[in-house]
Each structure stands twice: as C-alpha cells, then as structure tokens.
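Residues per chain, in single letters:
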Amino acid sequence: MRRQRGWHPAATTRRRRGTLAGVLAGVVLAVAGCTNAVAGAPTGVDIGPLTTAEGTAESLVDFAEAAAVHYTGSLVAQDGAELTVDVTATLTGEVSGKITVNGLAADLLLVSDTLYLKGAADFWTGMVARFGVTSGDGGALAGRWVKLPTSLIGVEFGEIFTPDVVSQTAGKVKQKAGADLTKNAKESVAGVDAYVIKVEGGTVYIAAAEPHGVLRFELDKIGSTDTTTVTHAVLDVTDSSPGVVAFYHSLDKASAGLNTAVDALVGVEQGAHRFEACGAPSCSLVVDITNSAKTAVRVHLKADWTGDGAALGSCEGQVGPVAPGAAGKISCKIATPQWVSFYQKANSVPGTHPYGAQWSALVLADPPDLTDLKTRAATKPATQDVAKTDGTYALYQISYAGKVWKYGVVSSRYWQDHATEQLRSCLASTKSACSASLVTATEDPVSAHALAAQLVAGHKDGCPAGQWVSCPR
C-alpha cells in the first residue's frame, strides 16, 4: 500500500528566488489500493490578527527601506543645546533643510559627509562663542555657507537621520509579544489615528490604518559616539521616497554655492587696507593678509560700500592658494551704477563726500567632491530583470493571489530572509498565501528605489496594500 503525503496547513516551503507562505482550507489524506478509507471534513485554519510585535516590526522594516524621509521635531545635542529640525534625509546620508539651535535659525546642507550651515547675523553672533570659530564675527558669516565639523555642533546629522539607523534605534516591542495590535491605545498624530507602541528605544506611533506606517518617533537617544549622540528626540516622519531623484537634483543645485563656503575654524591675519584707482568708473579696496594656518588657503574678500551715508553696492574678490606663513594682498573693485552716480555727484557738488567699505577676508573651505551627488541626481530607474542577481541592492516584491502586496529595496545579501520575515504580515492582512520574489538587483540603491516608485505609481489598484515606501498617503 502506497501512501500519499499531505502538507500541514502551517507548513512553508522555499522556492528558487522566492518564498511561499500560505494557508490551506483543509487536508484529506488519500490511501491508494486499500479497502479502508479515512473520512473527514475539511477544516479552516485560523489566521490570527497581527500582533503588536509583528505589526511594529513590519512598520519599522518599511521605514528602514525608505529612500528618503522628511523629519520635523526636536532633539537635544550632547552639550545640552536644544534643536528643532525640518529636514529631509536620504539613505545615502545626505541631509537638507532648516534647523534652530537654542532658538536661532539656520539652513543646513550635509553632502559628501560634510556639514554646512547658513544663518543670519544673529545666528552666528550667538554661535561664535559656542563653536569657537575664528573666521570673524556674526556679521562676517551672515548669509554664507559655513563648513563646520559635525562633532563641534554635537549632532551627526548624516547618521541620526538615516532611516535604517532610526529604525534600529527604536528596537523591538517591549510589551507582551502576543498582544493584538488593534488593542493598543490610540492617539492622533497630525490628524491621523495612531497606535502608541513602547519599544526598546522609546515610543513609536504607527498608523492605525494599514499598512501601519510610522508617524512619529519618541526616542531616548540616537547616535553611536559620545560627542554626537542626541537625546529626547521627538520626530514626526513622512516618506519622501517618490521624489528622491528630484531631491538629489535639488541638492546638487544647492551645493553649487559651496565652492565659496567659509571654513569656520581657519582664519587669516588682516593688516593695512587702502583704496586704489578710484575714479568715475570704479574704485578698488586692497587689504593686506598673512596666512597663519599650517596649510595653504584660498581667501575670499567681500566688501559693502557706502557713500554719503547711502549704500553703493558690494564687491568680491578671491586669492590663493596662499602658502603657510606667507603674506599677500587681496582686493575687489566696485563698479556699480550707484558708485558712478556718487562719484559724479562728489565731483560736481561742493562739500565733503565721504565714502568707505566694510569688509571681511575669510578662508574658503575646500570644495566638496560632488561626483556621487551628481550621479544620483541623474539616476534612471533600474530595469526589471529577475535573472539579474549580482547587484549590491535587491528590489523584491511580496505577492498574493496574483497581486503585489509590497515592493521593497534592501541589501541583496539579505533580501530573501528579509522578505520572508514579512510574509506573516502579508498573510494576516490578505488572508491569502503570500510569496516573495526578486524583481531585479543593482549596484545603485537610488536606481532601485526609482524603479520601485515607478512600479508603485503604475500599480493598477493604486498603492499595493502593504506599501508604505513611495506610496503617497
């Protein structure tokens, strides 16, 4: 007598480039060549609701897979300074937006692992003593991009806002693992109902509606070094992945001005000044300088001119590299219509007509290497190719009943295990067998995300049911 083996309803089996998890309505064992038969009625398998641990883990996985995230909220730097942030950060470590430090506002750019801030005079007046900058007073730095070490401001923006770092910092659920997700307390976050979940790193607020995307983090601390770990982080978050290529393009455009960014920790000695060749068409300001730094520097001069108490315009000049210890001079020439008019008036109207200039000679930071940023700004979506498995990043999909439940981007090395861990969430959501398969692999995570956004936008039923990344909500 030969027996036919039946699959247990809860069993799972792995296939090449895919994993299947599902449920069978019932199982009947058939016995071939025997006179006796085993009677039985098919029985359904109870698919329990998503637990708090499962739902939160899925939400944090989705968040970690984001190409870019917009953060608004507050945190405290290591030295006690209170910051507010309104920034967008990418998975590759770039950050752009606005911050306040102890109530003083500044624009922020983080590219090529280098931090730049731009603030008004009051920002730099308040920050000069705190940062220990040497490049002049607040007025000299006002309105200019200024390069600062992240350790000096006490916040490693490129680390603490990277989506997967934030997700890992949140950690696992602290409460009873088997608790039903829907039984958690709710609060409103920006008008959206959210479950309040206690996790190892603090508290996470996830949307009550599927796919339970993260809405807010309240984390005790974020960071990996003593000098740049922040505390009391309260951050509302939204996914910015659909426009990640456009965001890189805007970063590339904004970064063009960093060629004249000031190095706040390096200065030059300014000596005598004089005006030369002043006539009807123009007038030049010349300033003697000495490079007191240990390396060669480029120096930038900006002067704001006045005549008879009225503004005449400004001029800029640049010199360098100036060798360490070397003396030199830097100049700029004003030739504005206001200067021409002033000079003509001074020559034709009797009396005293004073003129002058207020200037600053500042050391310029070395320009950042923007090669990677320009490449990302020009990224095209990857091509779907299930046979392509040799890229560093994988774009995978989780499917059920002939439909896509979710697209995700993750390291190729772990994509199968990563996707398999989410099949239970898909099963609980769809009450149907779910499987994971590869869409393509690529060396460029941005191209993988661009393809994912394209696939999500083209999904015939709107966003896939389990999609958070690249799904407008």
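Scroll up for the structure.
Please read all numbers here as calculations on a predicted model, not as lab measurements.

A few words on the pattern of salt bridges. Taken as a whole and assessed by the stated rule, the structure comprises twelve salt bridges. Glu54 serves as the salt-bridge partner of Arg424, at 3.1 Å between the closest nitrogen and oxygen. A residue pair is termed long-range when its members are at least 10 positions apart, and Arg424 in helix H11 (residues 423-430) and Glu54 in helix H1 (residues 52-64) qualify at 370 residues. Of the residues examined, Arg424 reaches a relative accessible area of 26% and is grouped as partly exposed. For Glu54, a relative accessible area of 25% puts it in the partly exposed group. Here Glu94 makes a salt bridge to Arg376, at a shortest N to O gap of 2.5 Å. On the criterion of sequence distance, the pair formed by Glu94 in the loop between strand S6 (82-90) and strand S7 (95-101) and Arg376 in helix H9 (residues 371-377) is long-range, its members being 282 residues apart. Neither residue differs from the other here; Glu94 and Arg376 are each classed as buried. The network of salt bridges with common partners includes Glu58, Asp62, Glu65 and Lys406.

Remark: H1 packs on helix H6 (residues 163-170), axes separated minimally by 7 Å, with the N-to-C direction vectors making an angle of 160°. The angle between H1 and H6 falls in the class roughly antiparallel. Touching Leu60, Val61, Phe63 and Ala64 of H1 are Pro163, Asp164, Val166, Ser167 and Ala170, all from H6. A per-class count over the contact of H1 with H6 returns seven nonpolar, one polar and one charged.

Checked against the element boundaries, Thr52 lands in helix H1. One polar contact links Thr52 to Asn184, side chain to side chain, over a distance of 2.7 Å. Those residues in contact with Thr52 that lie beyond four places of it in its chain are Val173, Gln175, Ala179, Asp180, Leu181, Asn184 and Ile197.

On to the nonpolar core, then. Counting 57 residues, the largest nonpolar core has Tyr71, Ile99, Phe157, Phe161 and Phe217 as its most contacted members. Residues within four places of Phe157 in sequence aside, it is in contact with Leu83, Val95, Ile99, Leu108, Leu110 and Leu115. Val268, Ala293, Ile330 and Phe342 belong to the second-largest nonpolar core, a separate cluster that totals 21 residues.

Further remarks concern unusual backbone geometry. Along the chain, Glu210 connects to Pro211 via a cis peptide bond; the corresponding omega equals 10°. Mapped onto the elements, Pro211 comes out in the loop between strand S13 (202-207) and strand S14 (214-222). Along the chain, Gly320 connects to Pro321 via a cis peptide bond; the corresponding omega equals 5°. Within the fold, Pro321 resides in strand S20 (residues 310-322). Unlike most non-glycine residues, His212 shows phi in positive territory, near 60°. Looking at the secondary structure, you find His212 in the loop between S13 and S14. At Asp308, a position not held by glycine, the phi torsion is positive, near 55°. Mapped onto the secondary structure, Asp308 falls in the loop between strand S19 (297-307) and S20.

Now for the state of the cysteines. According to the stated counting rule, one finds four disulfides in the structure shown. Between the sulfur atoms of Cys278 and its disulfide mate Cys283 the distance is 1.8 Å. Assessed through its relative accessible area of 26%, Cys278 is described here as partly exposed. A disulfide bridge connects Cys315 with Cys332, and the sulfur atoms are separated by 2.1 Å. In this pair, Cys315 is assigned in strand S20 and Cys332 in strand S21 (residues 327-334), connecting sequence segments 17 residues apart. By relative accessible area, which is 4% here, Cys332 ends up buried. Take the cysteines of the chain that form disulfides and number them in order along the sequence; they join up as 1-2, 3-4, 5-6, 7-8.

Bringing the side chain of Glu159 into the picture now. With respect to the helices and strands, Glu159 occurs in helix H5 (residues 157-160). There is no salt bridge for the buried Glu159, and the closest opposite charge comes from Lys221, which lies 11 Å off by N-O distance. Excluding residues that lie within four positions of it along the chain, Glu159 makes contacts with Val165, Gly223 and Ser224.

Attention shifts here to the pairing of strand S18 (residues 283-290). Within S18, six of the eight residues are buried, leaving the element largely enclosed by the surrounding structure. As paired elements, S18 and S21 share eight bridges and run antiparallel to each other. Bridge pairing in S21 links Val287 to Ile330.

With that settled, consider the packing of aromatic side chains. Applying the stated criterion across every chain yields a total of 14 aromatic pairs. Pairing Phe63 with Trp468 gives two aromatic rings, centres 5.9 Å apart and planes at 35°, and the pair type is tilted. Taken together, the residues span a long stretch of sequence, with Phe63 in helix H1 and Trp468 in the segment after helix H12 (445-457) at a distance of 405 residues. No difference in accessibility class separates Phe63 from Trp468, as the two residues are buried. When the centroid spacing of 5.7 Å and the interplanar angle of 45° are considered together, the rings of Trp339 and Phe342 count as tilted. Residue Trp339 and its partner Phe342 are located together in helix H8 (residues 337-348), separated by three residues, close to a single helical turn. The exposure class assigned to Phe342 is buried, which follows from its relative accessible area of 7%. Here the aromatic residues Phe63, Tyr71, Phe157, Phe161, Phe217 and Trp468 are joined through ring pairs into a cluster of three or more. One cation-aromatic arrangement involves Arg216 over Tyr205; the distance from NZ or CZ to the ring centre is 5.5 Å.

Bringing the sheet that holds strand S17 (residues 269-276) into the picture now. The three strands are arranged S17-S18-S21 in an open sheet whose pairing can be described as antiparallel. In this open sheet, the two strands that pair with only one neighbour each are S17 and S21. Taken over all neighbouring pairs, the strand axes of this sheet differ in orientation by 20° on average, direction set aside. Relative to S18, S17 runs antiparallel, the two being bridged by six bridges. The residue bridging Phe275 from the neighbouring strand is Leu285, located in S18.

Cut-off values and rules
- Residues numbered from 1 in each chain as written.
- Predicted model: local features only at pLDDT ≥ 70, side-chain atom pairs only at ≥ 80, totals over all residues.
- Heavy atoms only, no water.
- Salt bridge = Lys/Arg side-chain N within 4 Å of Asp/Glu carboxyl O.
- Helix = DSSP H or I, 4+ residues; strand = E, 2+ residues; numbered from the N terminus.
- Buried < 20%, exposed > 50% of the residue type's maximum accessible area, 1.4 Å probe, protein only.
- Axes fitted to C-alpha atoms, helices over the stretch in contact; angles between N-to-C directions.
- Parallel < 35°, antiparallel > 145°, perpendicular 65-115°, else oblique.
- Contact = heavy atoms within 4.5 Å.
- Nonpolar A, V, L, I, M, F, W, Y, C, P; charged D, E, K, R; others polar.
- Polar contact = N/O pair within 3.5 Å; in protein donor to acceptor, adjacent residues only side chain to side chain.
- Core = buried A, V, L, I, M, F, W, Y, C linked by side-chain atoms within 4.5 Å.
- Disulfide = S-S within 2.5 Å.
- Lys, Arg positive; Asp, Glu negative; His and termini not counted.
- Pairing = 2+ DSSP bridges.
- Phe/Tyr/Trp six-rings, centres within 6.5 Å; stacked < 30°, edge-to-face > 60°.
- Lys NZ or Arg CZ within 6 Å of the ring centre and 35° of its normal.

Honestly, that's just the spatial picture; any functional story needs more than this.
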